[in-house]
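# Structural features, examined
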Amino acid sequence: MTKRQTCYNCAMDGTMYAQVAIEQVPGQLFTYAAPGGLGVRVGQCVTVPWRRVYRRGYVVALAAECPYAPRRREAEQEELFGGAPAKGVKAIEAVEDPLPYFSEKTIALLRWMAAYYDVGFTLALRSALPAPVREGRSQARERFVVAPILPPPPRLPPLSKRQKALYEDIVRVDGGLLARLCEEFKTTPATIRRLAAMGYVSCERLEAPRNPLAGRRILPSRPLPLTPSQARALEAILAADRPTLLFGVTGSGKTEVYMQAIAKTLEEGRGAVVLVPEISLTPQTVSRFAARFGGQVAVLHSALSDGERHDEWHRIRRGQARVVVGPRSAVFAPVPSLGLIIVDEEHDTGYKQDESPRYSARDVAVMRAHLEGARCVLGSATPSLESWRNATELGKYALARLPERVGGAALPAVSLIDLRQAAAPGQPLPLFSPPLIDALRLRLERGEQAILFLNRRGYAPTYQCAACGEPLRCPRCAPARLTYHAKDDTLRCHLCGHWERPPTRCPACGAPLFKPLGAGTQRVEQALAKILPQARVIRMDADSTGRRHSHDELLAAFRAKEADVLLGTQMIAKGLDFPNVTLVGILSADRSLNIAYDFRAAERTFQLIAQVSGRAGRGVLPGEVVVQTLQPEHPAVAAACACDYERFAADELALRRAQNLPPYARLATLTFTGEDPAAVERAAREAAHALGRFPGLEVAPPLPAPLERKEDRWRWQLLIKAATAQRIARACHAAIPQERRLGPGPRALLDVDAVFLA
Ligand code: ADP
Ligand code: ZN
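The following refers to the structure shown.

The rules behind each value
- Residues numbered from 1 in each chain as written.
- Chains lettered and ligands numbered in written order.
- Predicted model: local features only at pLDDT ≥ 70, side-chain atom pairs only at ≥ 80, totals over all residues.
- Heavy atoms only, no water.
- Helix = DSSP H or I, 4+ residues; strand = E, 2+ residues; numbered from the N terminus.
- Rg over C-alpha atoms; globule rule 2.2 N^0.38 Å.
- Buried < 20%, exposed > 50% of the residue type's maximum accessible area, 1.4 Å probe, protein only.
- Lys, Arg positive; Asp, Glu negative; His and termini not counted.
- Charge placed at Lys NZ, Arg CZ, Asp CG, Glu CD.
- Pairing = 2+ DSSP bridges.
- Right-handed = clockwise from strand over helix to strand, strands pointing away.

A separate point is the overall build of the chain. Scanning the chain for helices and strands turns up 23 helices and 31 strands. Taken over C-alpha atoms, the radius of gyration comes to 30 Å for the chain, in line with the 27 Å a tight globule of 758 residues would show. Each principal axis of the C-alpha distribution contributes one length, and for the chain these read about 100 × 65 × 60 Å. Burial analysis of the chain (758 residues in total) assigns 53% to the buried set. Averaging the locations of the 100 positively and 78 negatively charged side chains of the chain gives two centres separated by 3 Å.

Here we come to the environment of V20. Mapped onto the elements, V20 comes out in strand β1 (residues 16–22). By relative accessible area, which is 0% here, V20 ends up buried. Counting along the chain gives 371 residues from V20 to A391, while the straight-line C-alpha distance between them is 39 Å.

Strand order in the open sheet formed by 5 strands is β2-β1-β4-β3-β5, with antiparallel pairing between adjacent strands. A single partner strand is all that each edge strand has here, and the edge strands are β2 (30–34) and β5 (94–95). Here 2 bridges tie strand β3 (residues 45–50) to β5, and the two strands are oriented antiparallel to one another. Considered in β5, the bridge of T47 is made with A94.

This next bit is on the pairing of strand β12 (residues 323–326). Along β12, one buried face is formed by V323 and V325 and the opposite face, lined by V324 and G326, is buried too. Strand direction decides the pairing type here: strand β10 (residues 271–275) and β12, joined by 4 bridges, are parallel. Paired with A272 across the bridge in β12 is V323. Chirality of the crossover, the property in question, places the unit of strand β11 (residues 297–299), helix α11 (residues 306–317) and β12 among those that are right-handed.

Here it is in structure tokens:
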């Protein structure tokens, strides 16, 4: 609590008091005087003196009264104002741009987010700004164009001799770029600006934003006549007074519905945000929106250059691009007058940020739509069980269905292959079962294409001693094994990036021989080259797509039929639409099924099989899916192969309800990490004890996290359940001391609505 004191600034005329968040100084908000002449408004980016330097800050609240005056009124203000410097209040130095960076609604959203996820407000605000915008980079490209106003309007102030000469020069060359005119006529920008202020010339900023869509030829598209179910879905979305869950099978034309909802929103004079999973932010997705909405589309994507991201963000803020397509963080895009938020593939785990603040962009989208009075659409062929329950049992969301593929294309036929039966007696399991090989061969003969999916990169996920059987492990993480990469003969940890050369002798027993076990994409590529040497294969995984464009380039090559087979990890599971693909092979469907600590394992497996299968038979040619598995009888595998989401959801929800697991309870993880394992354990036990006093919380005894050690830090974890997320956040806010969040000892990381349980 700050001491109440009277502030000498209160006597100043027209002065307001601003609460300012300074990004580099989280955990606190600062009070500054806002002199009347500056025209300070909420949401603006300002420069403030802080200690002995100037920093950029953001105005999050304004009050007419100095917070140090004895009369502080609103309870809200009590909460926001505080932690100010003890000796009086300094004044804001300058306003960076009169047009705010944040609307009041966005600030309200960030305050909600800070409370919901129990993070500081400044941290929440930080996540809403792309780094190049925060750092104010790349103003350099801003250029001005000067044009003479002809004929000069009557009754302008008279010009001096030199001004007259300059004006005549500008008329003679018919204006031009400010910088060029200054150079040509040996004058300064201020002199020309003065002419502009007097009314003789105009001087306007030339927007030359670096446009990520530039250089792409995009044919304009027109709205398609909707199928009856699309029309019903669109109507439902437009009429809904709450978010709409658009449950549509793959290829059912959800995107067309999104685009027509966007068109309607634009007609109403409002803007739209479309969230897509980062890995499906391919040129293909983006061009579909660009083809319909042209220059109104802005893309926010981490693969853009800093300059591009900076320019796109400001283009959005100024209302010049009213349709924003982007991943998770685009949920904060500064679209003025937002009318629609779409979350495509709403079940995708990529919407959950796995660093603080650990927000779910889907949930933030629902909240933002609520605060802005905007429509909200969550679309998926395999909705998350949270959303499904909201739309069915609870009625919090409206439900719209697209049960068939457009044009009556059939969903692909799925065959389940039991890999155990495909193995010869005494032999290891094969990578390719005979039916999959036959199906691939058939595609090659017919000139069609195939997609092969394996959720594991590298050559072999285990590299073990041939004598004692000990696998090689990461020295910094546990229980992580090192993956063998044949290409550069390295062992790599996929968690922390550690790599080493394979040792010559086993560190455990000294034997000199190792064998690579299991298969990653590199090994599959090699095996495929032996089985079908004529097949042209493109491999797509984190190792093959390092550079900025290679992801796009590989997909473009596959689209141009420069390859027969696209082999990849989850990178290829979503959003791709290749009409010539008639076969999808899932090499090992149950990889994610047996993760004991993750109660969502079955849900993930179902989603993955259904999504990957959805890539087949999207054109006129019928599709086929071959799923290789060790557990053909598992309900999630069986339901996915039958394309029966509703059956799967009903069964799985019954299990969750019985075990009081999400979506029936809210779950958070509280993870303690640190270099000293004993201190980490102690911190976890202390927290469990402290949390035990809060009613309505179910706190499991602390345990070493499933990922016990990561990047040299030991990890202990508590699982916390409650009926509401607020209850968990409030309890942790009260129970976890501040130094556990930032201090040098063990750190506490709270993850409300945790998705990654490791
Ligand atoms: P989803 O997003 O549900 O997977 P898409 O929006 O990609 O489905 O649609 C699948 C295909 O159907 C696309 O090629 C799209 O152009 C086409 N399509 C969608 N709606 C219509 C329509 N009303 N009439 C004709 N073709 C359509
Ligand atoms: Zn590691």
